[in-house]
Amino acid sequence: MTYVIKGETGDWEVVIGLEVHCQVISKAKLFSGAATDFGAEPNTQVSLVDAAMPGMLPVINEECVRQAIKTGLGLKAQINTTSVFARKNYFYADLPQGYQISQFDQPIVGEGSIILDLEGGASREVGIERLHLEQDAGKSLHDQDPKRTFIDLNRTGVALMEIVSKPDMRSPEEAGAYLRKLRSIVRYLETCDGNMDQGSMRCDVNVSVRPAGSTELRTRAETKNVNSVRFVMQAIEHEAERQVGIYENGGEVVQETRLFDAQKGVTRSMRSKEHAHDYRYFPDPDLLPLTFPQSLVDEIQSSMPELPDERKARYVGDFGLSPYDAGVLVQEKDTASYFEAVANGRDAKLAANWVINNLFGVLAGRGVDITNSPVSAEHLGELIDLISDDTISGKIAKDVFDIMLETGDAPGKIVEDKGLKQITDTGAIEAAVDAAIAAGAAQVEQYRGGNEKILGWFVGQVMKATQGKANPGQVNKLLKDKLDT
Amino acid sequence: MTKLTDLTIRGALDGLAAKEFSAAELAEAHIQAMEAGRDLNAFITETPEIALERARESDNRRAKGDALGAMDGVPIAMKDLFCTEGVLTTAASHILDGFTPPYESTVSANLRSAGAVMLGKANLDEFAMGSANITSYYGPVKNPWKATDGKDAGKDLVPGGSSGGSAAAVSGGMAVAATGTDTGGSIRQPASFCGIVGLKPTYGRCSRWGVIAFASSLDQAGPMTKTVEDAAIMLGAMAGHDPKDSTSAPMAVPDFAAALSGDVKGLKIGIPKEYRMDGMDPEIQALWDQGVNWLKAAGCEIKDVSLPHTKYALATYYIVAPAECSANLARYDGVRYGLRIPGDSLDDMYMNTRGEGFGHEVQRRILIGTYALSSGYYDAYYIKAQKVRTLIANDFKAAFEDVDVILTPTAPTPAFALGEKQEDPVAMYLNDVFTVPTSLAGLPGISVPAGLSKSGLPLGLQLIGRAFDEETLLRAAHAVELAAAFNHKPGREG
Amino acid sequence: MSLDKDTVKNIAYLARIRVDDEKLEPLAGELSSILDWIEQLQELDTDGVPPMASVAAMKLPQRKDVVTDGNCRDAVLKNAPDPEDGFYTVPKVVE
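Every chain begins its residue count from 1, and numbering advances along the sequence as written. Working convention: letters from A go to chains and numbers from 1 go to ligands, in the order in which they are written. With pLDDT at 70 or above as the cut-off, local features in this predicted model cover only qualifying residues; side-chain atom pairs require 80 or more to be listed or tallied, and sums for whole chains, interfaces and linings still use all residues. The basis for the side-chain values is all heavy atoms of the structure; hydrogens and waters are excluded.

This paragraph deals with the overall build of chain C. Across its full length, chain C holds three helices and two strands. In chain C, the succession of α and β elements from N to C terminus is α-α-β-α-β. Computation of the radius of gyration draws on C-alpha atoms alone. For the globule rule, the value is 2.2 Å times the number of residues to the power 0.38. Relative to the globule expectation of 12 Å for 95 residues, the C-alpha radius of gyration of chain C, 22 Å, shows a markedly less compact shape. In terms of principal-axis extent, the alpha carbons of chain C reach across some 55 × 45 × 25 Å. Each residue's exposure class comes from its accessible area (1.4 Å probe, protein chains only) as a fraction of the maximum for that residue type: buried when under 20%, exposed when over 50%, partly exposed otherwise. Here chain C holds 95 residues, and the buried ones make up 44% of them. Any two residues whose heavy atoms approach within 4.5 Å are treated as being in contact. Sequence-distant contacts, at least 24 apart, represent 33% of the contacts inside chain C between residues at least 6 apart. Using the Shrake-Rupley algorithm and a 1.4 Å probe, accessible areas are obtained, with residue cover drawn only from the displayed protein chains. By element, 48% of the accessible surface of chain C is carried by carbon and sulfur atoms, the whole surface being about 5,000 Å². Positive residues here are Lys and Arg, negative ones are Asp and Glu, while His and the chain termini are left out of the count. All charge positions are set by atom: Lys at NZ, Arg at CZ, Asp at CG, Glu at CD. Averaging the locations of the 11 positively and 19 negatively charged side chains of chain C gives two centres separated by 10 Å. Going along the chain from the N terminus, every DSSP run of H or I of four or more residues is numbered as a helix, and every run of E of two or more is numbered as a strand.

Take a look at the structure:
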């Protein structure tokens, strides 16, 4: 599925790289002992270090280091046992130190990769350039006062992992798949909650275009802080078209920072700055190079949870699921856990079908996630047992499922109470079959004349007579036996 | 009995122990001296109430027989670069107008728990940037010493810098001892100019937490005292590992005073030939030679050593320190504390505040540092300087394979007149030619008063030690002190 | 290394220091003379020499992930020039 922009001069392709800021899950901040919880009263989670009071010094939080290593391992990346914190110098109201402590030429994590799960079960690898640790900035509130901007430093100094992809993506869909996969990995690892609404995952989108088939890298524009998968895809579409338009009108794309206007679905240039940024990175003299032994990396590696790719492979290999279904089930760790609870000791394909084709629709309709599913994994498993041991047919099961949604009752109880048990008594079915054949002389004629499709009419008659409870397999077999003789 | 304001730390502790006077009396005597010496402008903020309260607490401890700290009841001046809880802290800068920290620096807190009594906040060069204490927003400090002869006779002299207020306070009998900080010589050079002892410990020995930063990789707090023994006592009270400072060395604090055995027989003293600069003042050369002879006479072995990259140290320093300061001083932006000069926009407010709040020398260094780090110049300036810094540190490493201590002059001249060298920044920077290399290498250095110039001004000798070997350094300094028997006092009555 | 007025103006902006136009020229002169003097470093061959990372011969210490600080809004805002409702304030920023 190549993504092509049809221009007047020919076809263009888009080159996309993403820089994603993931807020590290930790109790305290990267370089101070203040809390990281979301939503506290302004400036209550601020230490003297975060407020950059004179003489205050940073001391690194070991958990943030572990989380970065863990994430690096999850991205199959090179872990650098020596890395360096650098100061990135710029003035902004929510940056109290006047510099951000970040990593520049020696990040904690180097090159790695991510496998994208694409439409139709296809997959594709995207390179990771690096992951580095840095401090988050504070929050500016512009709408509290007509003349002033208010500053809340609660978020200042919270650890971020900036994860930079290589410019390997070629369509908005791939960028969306990348974000979803990255989110899935950090959530599996429990290194970031992946919550884009609360800003714990934020995305900068680098886009350039080039004539289809060419290998050059043209000037890119960076769109900052795009905060949902959908917006990222929209921003790319708009940006690609904008750039193609510029080139086709004989212009040049300028390297710049742009903002995404979510209301209009367009990117726009930030107010043109009189001076370009010059961040003047240099190693932070308040900190020494960060070093740790390989044994720490090994220890973290040995305690890594199963990640979505491995789990998907297991679902395909062990359970015989299609890559697409497996991909859908593993995306969220909670979904995968639910599925495994349902599938445990049962027909996994049947379990997958029920989760994907029945449960997901219900969840989406009710706007709840799987941890708040109205049907427990235990009940859904029981329902599948009832199908597998022929207590009910698949068709009846759907009715039972609907009742389960309404009442929350166990499927066994529903089947019992409503008398929905499948009729497997050959005598009873045979009677209904005989009655159907007797009533349908014309249809018998047609069947014997070669119209096998008419068999469905007989099945329908039998089901009607048994309120759908006759075992469909037995009905079919008996009908054929009798009609064919 | 010695005048209370002439007492050393050792003398004060002995007198207090013998109940010859109380800590309150001792504090009171120094408060009076501080008030009488206001024309020297050694203090930015006087804290007599705090001094008397803490002195009385000390007296109570002593009376009750409670455990006493290593400096219990000793009145000291605190360089106004140390944040002190509830007491105005300025770094001698307009930009910190009204700043009262809600916290206490680790070093000043350590001194307080050792029982030291704070008399006030000592004047300094703005943000510790200077070598003459003429860049303070609160005005220059005057040296208690006056030249008795020569072109500067009778003129007001600079005390050196940046810890000029601290040096003047101790030299002028306004404090028994003082804290200083040293980035390129800011303890040792003013100690030399004012005829006192100044010790810059090994980088990492004293915590930088709560000390207003100038250049983080160089800044180090240390004692400024009347004797080497006092320096040993006070360093013990200041030093110690601090988990709040990532560069604080996780090392135990030895009993520095116990190291002053007086015995330096067999100690190998290095004389770096590169410090014999062209055009060196013959007086300084003679003093240095005298120092060599004293140590030889005390049984030391004198060896020539080479520190080949010495001549590049100052230029290196004037890249590294400004680069770090350009970032360290970015936090003074008018948003959270100190001066704010309003502006129409955020940038306007920043530029107004920083344009007005920082003095000329501070601005100059911020601009040099900003330039040295800027795109296209970073490698040529900053990286180059950090490479040369490696070479300088390696020079010392090699020299200390052969010797235990290195002996040099502290400064190329005695104190000069207020108003001199102000026009030419580079001439001013040359004051630190002998002290800067040690700072770049993170090594401990001490200035000991060793003699008088022909004009009647004190001159210091510098001794440099191995990293974290302040004990040997102090032992050798003590030997120089004994041999020099420097007992001159500034002309004025303290 | 000689700095011109525009370069000084640009550096001053990067450092957010207001320098009046008439002071740019003399300041450029001062900074140039300092840079000229620093230029002596270029005569030294430093190929293959690692830049100094730190004089402290130790490893970067790490802190446990425990909340030990914060919750001190009064201390944090105590010295602020224009605080309001628990916030710092600055002149309105237009993005």
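What follows deals with the nonpolar core. The term nonpolar core refers to a set of buried residues drawn from Ala, Val, Leu, Ile, Met, Phe, Trp, Tyr and Cys, joined through side-chain atoms within 4.5 Å. Counting 319 residues, the largest nonpolar core has A:L18, A:Y178 and B:F127 as the members making the most contacts within it. Segmentation of the chain into domains, including their bounds, is taken from an automatic or database domain assignment. Taken domain by domain, the makeup of this core includes at least three residues from each of domain 1 (4-300) and domain 2 (306-417) of chain A. Listed in part, the 18 residues of the second largest apolar core include A:A432, A:I454, A:V462 and A:A470.

Moving on, we get to the environment of A:E222. Residue and element names in this part refer to chain A. Topologically, E222 is positioned in strand β13 (residues 221-226). Note: C-alpha distance between E222 and E256 (34 residues apart in sequence) is 6.3 Å. Excluding residues that lie within four positions of it along the chain, E222 makes contacts with E19, D204, V205, N206, E256, T257 and R258.

All names here are of chain A. If you check the domain split of chain A, you get domain 1 (4-300), domain 2 (306-417) and domain 3 (426-483). On a C-alpha basis, the centroid separation for the pair domain 1 and domain 2 is 36 Å. Between domain 1 and domain 2, the contact holds 15 residues from the first and 14 residues from the second. For any pair of parts, buried area is found by adding up, for both, the accessible area (1.4 Å probe) each one loses once the two are put together. Each partner contributes to the roughly 1,200 Å² buried at the junction of domain 1 and domain 2, and carbon and sulfur atoms together form 49% of this total. Any carboxyl oxygen of Asp or Glu within 4 Å of a side-chain nitrogen of Lys or Arg constitutes a salt bridge here. The tally of links from domain 1 across to domain 2 stands at six salt bridges. Note that K333 is salt-bridged to E190, the shortest N-O span being 3.3 Å. As used in this structure description, the phrase polar contact means that two N or O atoms lie within 3.5 Å; if the pair is within protein, one of them must be able to donate a hydrogen and the other to accept it, and residues adjacent in sequence are counted only when both atoms belong to side chains. Viewed at the interface, domain 2 and domain 1 are joined by nine residue pairs in polar contact (both at pLDDT 80 or more). Residue assignment for the side of domain 1 that touches domain 2 shows that the elements contributing at least two residues are β7 (112-117) and α2 (172-189).

The subject of this paragraph is unusual backbone geometry. All names here are of chain B. Here the amide bond leading from G161 into S162 is cis, since omega sits at 10°, within 30 degrees of zero. Relative to the elements of secondary structure, S162 occurs in the loop between β3 (117-122) and α5 (164-171). We note that F127 has phi near 55°; this positive angle belongs to a residue other than glycine. Within the secondary structure layout, F127 lies in the loop between β3 and α5.

In this scheme, patches are assembled from residues that exceed 30% relative accessible area and form no salt bridge. Like charges are connected within 9 Å, while nonpolar side chains (Val, Leu, Ile, Met, Phe, Trp, Tyr) are connected within 5 Å. The grouping of A:E119, A:E173, A:E237 and A:E241 at the surface amounts to a negative patch. Within the fold, A:E241 resides in helix α3 (residues 229-248).

Listed by partner, the interface residues are 48 residues for chain A and 41 residues for chain C. Connecting chain A to chain C are three salt bridges. Inspection of the region where chain A meets chain C yields 23 residue pairs in polar contact (both at pLDDT 80 or more). With five residues, strand β10 (residues 148-152) of chain A is the single largest residue contributor to the side of chain A that touches chain C. Here the term charged refers only to Asp, Glu, Lys and Arg, the term nonpolar to Ala, Val, Leu, Ile, Met, Phe, Trp, Tyr, Cys and Pro, and the term polar to all other amino acids, Gly among them. The residue inventory of the side of chain A that touches chain C, partitioned by class, reads 24 nonpolar, 11 polar and 13 charged. At least two bridges found by DSSP between two strands are what make those strands a pair. Of the pairings in the sheet, the one linking β10(A) to strand β2 (residues 88-91) of chain C comprises four bridges and is antiparallel in character. Counted as the bridge partner of A:T149 is C:V90 from β2(C).

The next thing to look at is the side chain of A:T156. All names here are of chain A. By the element assignment, T156 lies in the loop between β10 and β11 (159-165). Side-chain polar atoms of T156 contact the backbone nitrogen of G138, separated by 3.2 Å. Once residues lying within four places of it in the same chain are set aside, the contact partners of T156 are K29, D50, D94, P96, D136, A137 and G138.

The next thing to look at is the sheet that holds strand β10 (residues 445-452) of chain B. Residues and elements named next belong to chain B. Spatial ordering of the open sheet is given by β1-β3-β2-β4-β6-β5-β10-β11-β9-β7-β8, a layout of 11 strands whose pairing is mixed. Strands with a single pairing partner mark the edges of an open sheet, and in this sheet they are β1 (43-46) and β8 (301-305). Going across the sheet, the axis of each strand differs from the next one's by a mean of 30°, ignoring polarity. Relative to strand β9 (residues 405-409), strand β7 (residues 268-272) runs parallel, the two being bridged by two bridges. Across the sheet, G270 pairs through a bridge with I406, a residue of β9. Interaxial angles span 0 to 180 degrees and are taken between N-to-C directions of axes, which are lines fitted to C-alpha atoms, for helices over the stretch in contact. Where helix α3 (residues 48-64) meets the sheet, its contacts fall on β1 and β3, and the angle it forms with β3 comes to roughly 160°.

Residues and elements named next belong to chain B. Examined against the element boundaries, T179 turns out to sit in strand β4 (residues 177-182). The spatial distance from the C-alpha of T179 to the C-alpha of F82 is 8.8 Å, given a sequence separation of 97 residues. Apart from the residues within four sequence positions on either side, T179 is in contact with A77, M78, K79, F82, L111, S166, G222, M224, M234 and M238. Among the polar contacts listed, one links the side chain of T179 to the backbone nitrogen of K79, at a separation of 2.9 Å.

Moving on, we come to the packing of helix α5 (residues 308-319) of chain A against helix α6 (residues 323-330) of chain A. Residues and elements named next belong to chain A. Packing of α5 against α6 leaves a shortest axis separation of 9 Å and a crossing angle of 135°. Here α5 is positioned oblique relative to α6, judged by the angle of their axes. α5 and α6 meet at a crossing whose hand is right-handed. For the pair formed by α5 and α6, the contact residues are P308, R311, K312, Y315 and V316 on the first element and P323, A326, G327, L329 and V330 on the second. Taken together, the residues of the contact of α5 with α6 sort by class into seven nonpolar, one polar and two charged. Here the angle decides the label: under 35 degrees means roughly parallel, over 145 means roughly antiparallel, 65 to 115 means roughly perpendicular, and every other value means oblique. Throughout, a crossing is termed right-handed when the near helix is turned clockwise from the far one, and left-handed when it is turned anticlockwise from it by less than a right angle.

Taken together, the contact between chain C and chain B spans 46 residues of the former and 65 residues of the latter. Of the roughly 5,000 Å² buried between chain C and chain B, counting both surfaces, carbon and sulfur atoms make up 70%. Considering only the side of chain C, the residues that lose the most area to chain B are C:R18, C:W37 and C:M52, jointly responsible for 14% of the buried surface there. Joining chain C to chain B, the criterion identifies 21 residue pairs in polar contact (both at pLDDT 80 or more). Counting only elements with at least two residues in the side of chain C that touches chain B, the list comes to α1 (5-14), α2 (21-38) and β2 of chain C. With eight residues, α2(C) is the single largest residue contributor to the side of chain C that touches chain B. Class assignment for the residues of the side of chain C that touches chain B results in 32 nonpolar, seven polar and seven charged.

Before going further, it helps to spend a moment on the pattern of salt bridges. With the rule as written, the count across this model stands at 65 salt bridges over all chains. Notably, a salt bridge pairs A:E216 with A:R218, separated by 2.9 Å at the nearest N-O pair. The class of A:E216 is partly exposed, set by a relative accessible area of 35%. Given a relative accessible area of 25%, A:R218 falls into the partly exposed group. For the salt bridge of B:D152 with B:K151, the shortest nitrogen-to-oxygen distance reads 3.4 Å. Taken together, the shared-partner salt bridges in this structure form one network comprising A:R87, A:D284, A:D286, B:R208 and B:D245.

Here the focus is the pairing of strand β2 (residues 11-23) of chain A. Residues and elements named next belong to chain A. Most of β2 is tucked away, with 12 of its 13 residues classed as buried. As paired strands, strand β1 (residues 5-6) and β2 are joined by two bridges and run antiparallel to one another. From the neighbouring strand, I5 faces β2, where its bridge partner is W12. Connecting β1 to the next strand, β2, in antiparallel fashion are four residues, including G10 with a positive phi near 150°. Examined bridge by bridge, β2 and strand β12 (residues 201-211) share 11 bridges and lie antiparallel to one another. Bridged to C22 within β12 is M201. Across five bridges, the pairing between β2 and β11 is antiparallel. For V20, the partnering residue across the bridge sits in β11 and is I163.

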